[in-house]
Amino acid sequence: MKKTLPFLSFLGVTLLSFGLFADYPRPWEMTFQEPATPVMEKIHSFHNLLIWIEGGIAIFVISLLLYVIFKFRASKNPVPAKFSHNTLIEIIWTTVPVIILIVIAIPSFKLLYFMDVVPKSELTIKATGHQWYWSYEYPDQKVSFDSFLIEDDKLKPGQMRLLETDNHVVVPVNTNVRVITTSADVIHSWAIPSFGVKRDSVPGRLNETWFNVKKEGLYYGQCSELCGTKHGFMPIVVEAVSPAKFQQWIAMKAPPPPPAPVATPAAVTPSVPTSPVEAKPAAATAPQTTVPTPAPSSPQEPKK
C-alpha cells in the first residue's frame with residue numbers, strides 16, 4: 001500500500017496535467033508544439049513542405065556523390081576524363097533550382113501575409129513588458145493586471161517551474177484576438193510557440209499580432225528577447241476558455257460600475273413677488289370692515 005499510493009498520486013497528477021495543459025515545452029523536444037491556432041497550423045504545413053524538399057535535395061546530392069565516387073574511382077579510371085562542359089546539364093542545374101525556389105516562395109509569401117495582416121478582431125489585449133514581468137490591459141473591458149512568475153517554493157502540484165504566473169491572460173476560444181505589445185524599459189518579445197506568435201515589444205512603439213485559439217486549455221510562452229539578468233523569469237500563460245466562462249471572468253475582473261446618482265428633493269424656494277400688488281402683506285389684502293361714521297348733525301336753529 002505504501003508503494004501503491006505514491007504511484008497513484010503520480011498517475012493522478014500526470015493525468016490531471018495532460019487534461020489541463022493544452023501544450024507546453026517538454027524535455028528534449030525536437031519539433032514544434034502542437035498547433036493551437038490557424039497561424040501555427042500553416043507554419044506546420046510549410047515546415048513539412050520544406051522538410052520534404054530539403055530531404056529530397058539531400059538524398060539526391062548524397063546519391064550523386066556516391067555514384068561519382070564509385071563510378072569514377074581511380075582504380076577503375078586510371079586516365080581521368082578531361083571534359084568540362086555539358087550544355088544540357090548546365091540548363092538542368094539552373095532551371096531546377098529556380099523551380100524549387102518558386103515552389104518555396106509562393107507558400108512562404110502567403111504565410112507571411114496571413115501572419116502579418118490582423119483580421120477584424122473581437123478582443124484587443126495590450127501587453128507591456130517590464131524588467132521582469134508583463135502587464136496586461138483589456139481596454140474595451142476596462143480590465144488590467146500584472147503577471148509575475150511564481151517562485152519555486154510557491155508552486156502547487158502540477159504547476160511547471162519557470163512557466164507559471166500568478167495571473168493568466170484569459171481569452172475565449174474561436175475568437176480573433178489582437179495583441180498590441182510595447183515595452184516600458186528595454187526590448188522584450190511576447191511569444192507563445194503553440195500559437196505561432198512572436199512579436200517584439202519595443203519602448204515607444206506599438207507592434208501588433210493576432211491569434212485565434214481553437215482548443216480550451218493552458219498555453220505557455222516566455223519572453224524571447226534577451227532583456228536582462230532575469231530574462232528567463234518572464235513567463236506568459238494564456239488560458240483559453242469558452243465564451244461564457246470568459247464573460248464570467250470579465251465580470252469578476254472588471255471594476256464595479258459607479259453608483260447611480262441619488263435624487264435630491266427639490267428645494268423649496270420662496271416665491272418672488274412679481275408685482276407690487278402681490279408684495280402686499282396678506283393683512284393688507286384682507287377685506288377691511290368699514291365703520292359707519294355718524295352723519296353730521298344739522299346745526300340747531302336759534303330759539304326765538
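Scroll up to find the structure this text is about.
One numbering rule holds for all chains: residues counted from 1, following each sequence as written. The model is predicted, so local features are restricted to residues of pLDDT at least 70 and side-chain atom pairs to those at 80 or more, both for listing and for counting; the totals for chains, interfaces and linings are taken over all residues. Remark: hydrogens and water are excluded; side-chain values derive from all non-hydrogen atoms of the structure.

Caption draft 1: Focus on the overall build of the protein. Helix and strand definitions here come from DSSP, where helices need a minimum of 4 consecutive H or I residues and strands a minimum of 2 consecutive E residues; each element is numbered from the N-terminal end. Secondary structure summary: the protein contains 5 helices and 11 strands in total. Here, two residues are considered to be in contact whenever any of their heavy atoms come within 4.5 Å of each other. Long-range pairs, those at least 24 residues apart, make up 66% of the contacts in the protein between residues at least 6 apart in sequence. Computed with a 1.4 Å probe, the accessible areas rest on the Shrake-Rupley method; for each residue, only the protein chains presented here act as cover. Counting every atom, the protein has about 21800 Å² of accessible surface; 66% of that belongs to carbon and sulfur.

Caption draft 2: Spatial organisation of helix H3 (residues 87-116). For a helix, the expected span equals 1.5 Å multiplied by the number of residues minus one. Taking 1.5 Å of rise per residue, the 30 residues of H3 would be expected to cover 44 Å, and the 43 Å separating its terminal C-alpha atoms lies within 8% of that figure. Within 3.5 Å is the distance limit for a polar contact, defined as a pair of N or O atoms, with the added protein rule that one can donate a hydrogen and the other accept it, and that residues adjacent in sequence qualify only through two side-chain atoms. Two to three positions downstream of the cap, the backbone nitrogen of Leu 88 sits 3.2 Å from a side-chain oxygen, assigning the N-cap of H3 to Asn 86.

Caption draft 3: View of the pairing of strand E4 (residues 143-147). Under the scheme applied here, a residue whose accessible area is under 20% of the maximum for its type counts as buried, over 50% as exposed, and between as partly exposed, the area being computed with a 1.4 Å probe on protein chains only. Going residue by residue along E4, you find Val 143, Phe 145 and Ser 147 tucked away on one face and Ser 144 and Asp 146 left uncovered on the opposite face. Of the pairings in the sheet, the one linking strand E3 (residues 133-138) to E4 comprises 5 bridges and is antiparallel in character. Bridge assignment links Tyr 136 to a residue of E4, and that residue is Phe 145. Two strands form a pair only when DSSP identifies at least two bridges running between them. Hairpin geometry of E3 and E4 is characterised by an intervening segment of 4 residues between the two adjacent antiparallel strands and by a positive phi of about 60° at Lys 142.

Caption draft 4: Spotlight on the pairing of strand E8 (residues 197-201). In this structure, strand E7 (residues 188-192) lies alongside E8, joined through 5 bridges in antiparallel fashion. Bridged to Ala 191 within E8 is Lys 198. The turn joining E7 and E8, which pair antiparallel and follow one another in sequence, is formed by 4 residues; a positive phi near 70° is taken by Gly 196.

Caption draft 5: The side chain of Thr 128, seen in detail. The residue Thr 128 is located in strand E2 (residues 123-130) in this model. Taking relative accessible area as the criterion, Thr 128 reaches 9% and is therefore assigned buried. If sequence neighbours within four positions are ignored, Thr 128 has contacts with Tyr 133, Trp 134, Ser 135, Thr 182, Ser 183 and Ala 184.

Caption draft 6: Structural detail: the pattern of salt bridges. Just to be clear on terms, a salt bridge is a Lys or Arg side-chain nitrogen sitting within 4 Å of an Asp or Glu carboxyl oxygen. This model, assessed by the stated rule, comprises 3 salt bridges. Lys 198 is the partner of Asp 200 in a salt bridge, and the nearest nitrogen-oxygen pair spans 3.8 Å. With relative accessibility at 48%, the residue Lys 198 sits in the partly exposed group.

Caption draft 7: Main features of the side chain of Ser 183. Here Ser 183 is to be found in strand E6 (residues 177-183). For Ser 183, a relative accessible area of 8% puts it in the buried group. A distance of 3.5 Å separates the side chain of Ser 183 from the backbone oxygen of Gly 129, its partner in a polar contact. Reaching out from Ser 183, the side chain makes a polar contact with the backbone oxygen of Val 186 at a distance of 2.3 Å. Non-local contacts of Ser 183, meaning those with residues more than four positions away in its chain, are made with Thr 128, Gly 129, His 188, Ser 201, Val 202, Pro 203 and Gly 204.

Caption draft 8: Geometry of the layout of surface pockets. Method remark: on a 1 Å grid restricted to protein atoms, a set of points is classed as a cavity if a 1.4 Å probe fits but cannot get out and as a pocket if it is open with protein on both sides within 12 Å along at least five of seven lines; lining residues have an atom within 4 Å of a point. Grid points are joined across faces, edges and corners, and a volume is the space filled by probe spheres set on the points. Counted as a void, the largest pocket has a volume near 560 Å³. In terms of lining, the largest pocket is formed by 19 residues, of which the most central are Phe 60, Leu 64, Ile 89, Ile 92 and Trp 93. For the lining of the largest pocket, the secondary-structure elements that each account for two or more residues are helix H2 (38-71) and H3. Lys, Arg, Asp and Glu make up the charged group, whereas Ala, Val, Leu, Ile, Met, Phe, Trp, Tyr, Cys and Pro make up the nonpolar group; the residues left over, Gly among them, are polar. Of the residues belonging to the lining of the largest pocket, the class tally is 14 nonpolar, 4 polar and 1 charged. Here the second largest pocket defines a volume of roughly 200 Å³. Forming the walls of the second largest pocket are Asp 166, Asn 167, His 168, Val 170, Leu 218, Glu 239, Val 241, Lys 245, Trp 249, Met 252 and Lys 253. The element that contributes the greatest number of residues to the lining of the second largest pocket is helix H4 (residues 243-253), accounting for 4 residues. For the lining of the second largest pocket, the residue count by class is 5 nonpolar, 2 polar and 4 charged.

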